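Results of the structural survey
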Amino acid sequence: MTQTAPSTAGSPTSVSRRLEVLRPGPWHRRLTAIVGVGAFFDLYEVFLGGVLAAALAEPWHLSHTQKSWIIAAGFLGMFVGANVMSLLADRFGRRQMFLVNLGMYSAFSLLCAASPDVNWLVAARFLAGLGLGAELVLVDTYLSELLPTAVRGRYIAWAYTVGFLGVPLAALLGARLVAEHEIAGVSGWRWLLVAGALGAFCIQWMRRALPESPRWLEARGRRAEAEAVVARIETLNEPANAGAAQVPAPRKAGAKTETGTGARPETEAKAETGTEVKAEAVPVVRVPLRRMFQPPYRRRTVMWWIFQVLQTVGYYGFGSLAPVVLAAKGHSTTASLGYAALSFCGYPLGSALSIPLIERFERRTLIIVAALGQACFGLLFGFADAAWLIVGSGFLLTICSNVFSNAFHVYQAEIFPTNLRSSAIGIAYSLSRLVSVILPFIALTVLDDLGATAVFAGSAVLMVLLCLNVGLLGPRTKGLALDSI
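Counting restarts for each chain, with residues numbered from 1 along the sequence as it is written. Selection of residues for local features in this predicted model requires a pLDDT of at least 70, selection of side-chain atom pairs for listing and counting requires 80 or more, and totals for whole chains, interfaces and linings are taken over all residues. With hydrogens and water excluded, all non-hydrogen atoms of the structure serve as input to the side-chain values.

Attention now goes to the overall build of the protein. A tally of helices and strands in the protein yields 18 helices and 7 strands. The buried label applies to any residue whose accessible area, calculated with a 1.4 Å probe on protein chains only, is under 20% of its type's maximum; exposed applies above 50%, and partly exposed to all values in between. Residue burial in the protein is summarised as follows: out of 485 residues, 59% are buried. The contacts of the protein with a sequence gap of at least 6 include a subset with a gap of at least 24, amounting to 85%. For the protein, the exposed area adds up to about 17,700 Å²; of that, 66% sits on carbon and sulfur atoms. Helix numbering and strand numbering both begin at the N terminus, where a helix is a DSSP run of H or I of at least 4 residues and a strand a DSSP run of E of at least 2. Any pair of residues with heavy atoms lying within 4.5 Å of one another is described as a contacting pair. Accessibility throughout is a Shrake-Rupley quantity obtained with a 1.4 Å probe, and a residue counts as covered only by protein chains that appear here.

Quick look at the structure:
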């Protein structure tokens, strides 16, 4: 499979320059909020698996394997979706896939809510996960392509701060609805799924107003359309200064962007403002996916594949398994969900904490420090028996988790070029979803045989390996223009 991109000869294009020099304004903030709210539902669904496994274990008499499949099914769908939809996003556009993914999730979540048995639930969760597979990939790709360098990291962190409100909400609603058992004659866990479906539908409707990424349009050789979108952004952001350079351009690094041969002409296109925009002929190249395995991207690709395999255990392992781990320690289902909900409050707080840090420190440094924090507090959570220590260590772990998460989401969108960005991130990210499919079967077996301490000790070892991988192979990106990394 190949991608189409214009030759830039190692320097930023006019579209890129105009996006970079825009002063951050109301339009950027609205964009970040709309995209961030969509991330809410991806994270809500990810952590809902552990809530459902704990809530249905007794009434449905679930076996060890069935509980594992309830957690794993959504991740399996996300693995397929991350591969397929990220490739489609590079082919058909970021905006198109934004609309498709939440539409699929909304429809199949309603199907989950109607599940008469565990097999139906597992199948429907797989299909819902298929829709959500590329959500976070699209968030990273889309925002990185539209935000100026000066605020790119901070605004993406804000988007995830909005999204991570879904994590404690899933657990708090789960604890409340499980305790109530039924509302209007319908089991409480079914309402959790209905709430996710209706919320996703509302966000899909809001996203209809999003523009296509100008960088993607230009990378496809559609220069006139890209210029028209940028002109409209300039008008909406600061009507009095549309088209004017307003902040200093970011500094450059030594890395070059894609180059190659072959060309096709671009003709006139009508701008969204209703005026005719003439575009010069744009040299176009066809960039195969194997470009990821050629310098300078080969080292980055290998590093990021290893990272995605390892981070899954430390990050998603806690979030998706915490209620089940607490139940295995002897706590009731309601108490387990309540403790998990309090621990999960660290997710939005950690995300908010990352906002002032992410533009102050190098991304890879934040990733390493936060990963070590996850390892330490995870071990403490594994040893903990007292309620205060369970909640306290879980809370600190989730704070570290989201400094880690926001740093790596910004980082992964920076280390690949526009014409490969969605595909490269999506393929790597799909590995984390594949590991998440396998993880419940291994982790729950270790939990039954060796206890919670062994689960978190293994996770700590993998997080240390992750730190070595990023420290040795990861490039610097902080403060560099996207086209220059």
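Picking up after the structure, the text goes on.
Our focus in this paragraph is unusual backbone geometry. The omega torsion of the bond from proline 295 to proline 296 falls at 0°, within 30 degrees of zero and hence cis. Here proline 296 shows up in the loop between strand E7 (282-288) and helix H12 (297-328). Of note, histidine 61 is a non-glycine position whose phi angle comes to about 50°, a positive value. Residue placement: histidine 61 occurs in the loop between helix H2 (26-56) and helix H3 (64-92).

Now for the packing of H2 against H12. Axis geometry follows a simple rule: fit a line to the C-alpha atoms, using only the stretch in contact for helices, then measure angles between N-to-C directions, giving values from 0 to 180 degrees. Relative orientation of the contacting elements H2 and H12 amounts to 20°, with a least axis distance of 7 Å. In terms of orientation, H2 and H12 fall into the roughly parallel class. Viewed along their axes, H2 and H12 form a crossing whose handedness is right-handed. Here Val46, Phe47, Gly50, Val51, Ala53 and Ala54 of H2 come into contact with H12, specifically with Tyr315, Tyr316, Gly319, Ser320, Pro323 and Val324. Here the residues of the contact of H2 with H12 sort into 9 nonpolar, 3 polar and no charged. Each angle receives one of four descriptions, namely roughly parallel if under 35 degrees, roughly antiparallel if over 145, roughly perpendicular if within 65 to 115, and oblique otherwise. When the near helix sits turned anticlockwise from the far one by under a right angle, the crossing is termed left-handed; a clockwise turn instead gives a right-handed crossing. Residues are grouped as follows: Ala, Val, Leu, Ile, Met, Phe, Trp, Tyr, Cys and Pro are nonpolar; Asp, Glu, Lys and Arg are charged; every other residue, Gly included, is polar.

Once that is clear, we can look at the layout of surface pockets. Rolling a probe over the atoms, with the probe sized like a water molecule, indicates the empty space that remains. Lining residues are those with an atom within 4 Å of a point, where the points come from a 1 Å grid over the protein atoms alone and group into cavities, where a 1.4 Å probe fits but cannot get out, or pockets, open sets with protein on both sides within 12 Å along at least five of seven lines. Grid points are joined across faces, edges and corners, and a volume is the space filled by probe spheres set on the points. Space inside the largest pocket adds up to approximately 350 Å³. Taken together, 26 residues make up the lining of the largest pocket; nearest its centre are Val313, Leu439, Val455, Ser459 and Leu462. Where the lining of the largest pocket is concerned, the elements lending two or more residues are H12, helix H15 (363-383), helix H17 (421-450) and helix H18 (452-473). Looking at the lining of the largest pocket, the element that brings in the most residues is H18, giving 8 residues. The class makeup of the residues in the lining of the largest pocket is 20 nonpolar, 6 polar and no charged.

Only residues whose relative accessible area exceeds 30% and that form no salt bridge enter a patch; like-charged residues are grouped when within 9 Å of one another, and nonpolar side chains (Val, Leu, Ile, Met, Phe, Trp, Tyr) when within 5 Å. Criterion for a salt bridge: a side-chain nitrogen of Lys or Arg within 4 Å of a carboxyl oxygen of Asp or Glu. Together, Leu372, Val461, Val464, Leu465, Leu468 and Leu472 make up a nonpolar patch on the protein surface, roughly 550 Å² of accessible area in all. For the nonpolar patch, the leading source of residues is H18, giving 5 residues. One can find leucine 372 in helix H15. Accessibility expressed as a relative area gives 39% for leucine 372, which makes it partly exposed.

The next thing to look at is the confidence of the model for the protein. The predictor reports its confidence for every residue as pLDDT, a score running from 0 up to 100. In this model, the protein carries an average pLDDT of 81, and 84% of its residues clear a pLDDT of 70 or more. Every residue in residues 1-11 scores below 50 in pLDDT, and together they form 49 contacts with partners more than four places removed in sequence or on other chains. Within the model, the stretch residues 242-285 combines pLDDT values under 50 with 107 contacts to residues more than four positions away or in other chains.

Time to look at the packing of H3 against helix H5 (residues 118-132). Axis separation between H3 and H5 bottoms out at 6 Å; the angle between their running directions is 25°. With respect to H5, the axis of H3 lies roughly parallel. The handedness of the crossing between H3 and H5 is right-handed. Where H3 approaches H5, its residues Gln66, Trp69, Ile70, Ile71, Ala73, Gly74, Leu76, Gly77, Met78, Val80, Gly81 and Met85 are matched on the opposing element by Val118, Leu121, Val122, Arg125, Phe126, Gly129, Leu130, Gly131 and Leu132. For the contact of H3 with H5, the per-class residue count stands at 14 nonpolar, 6 polar and 1 charged.

Let's shift gears to the packing of aromatic side chains. Aromatic rings from Phe, Tyr and Trp, taking only the six-membered ring of Trp, are treated as a pair when their centres fall within 6.5 Å; an angle between ring planes under 30 degrees marks them as stacked, one over 60 as edge-to-face, and anything in between as tilted. All chains considered together, the criterion is met by 14 aromatic pairs. Look at phenylalanine 307 and phenylalanine 408: their rings are 5.1 Å apart centre to centre, the planes differ by 65°, and that puts the pair in the edge-to-face class. In this pair, phenylalanine 307 sits in helix H12 while phenylalanine 408 sits in helix H16 (residues 387-414), placing the two residues 101 residues apart along the sequence. Classification of phenylalanine 307 as buried rests on a relative accessible area of 0%. Here the aromatic residues Trp304, Phe307, Phe404, Phe408 and Tyr411 are joined through ring pairs into a cluster of three or more. Over the ring of phenylalanine 381 we find lysine 329, and its NZ or CZ is 5.5 Å from the ring centre. For a lysine, the NZ atom is tested; for an arginine, the CZ atom; a charge sits over a ring if that atom is within 6 Å of the ring centre and within 35 degrees of the ring normal.

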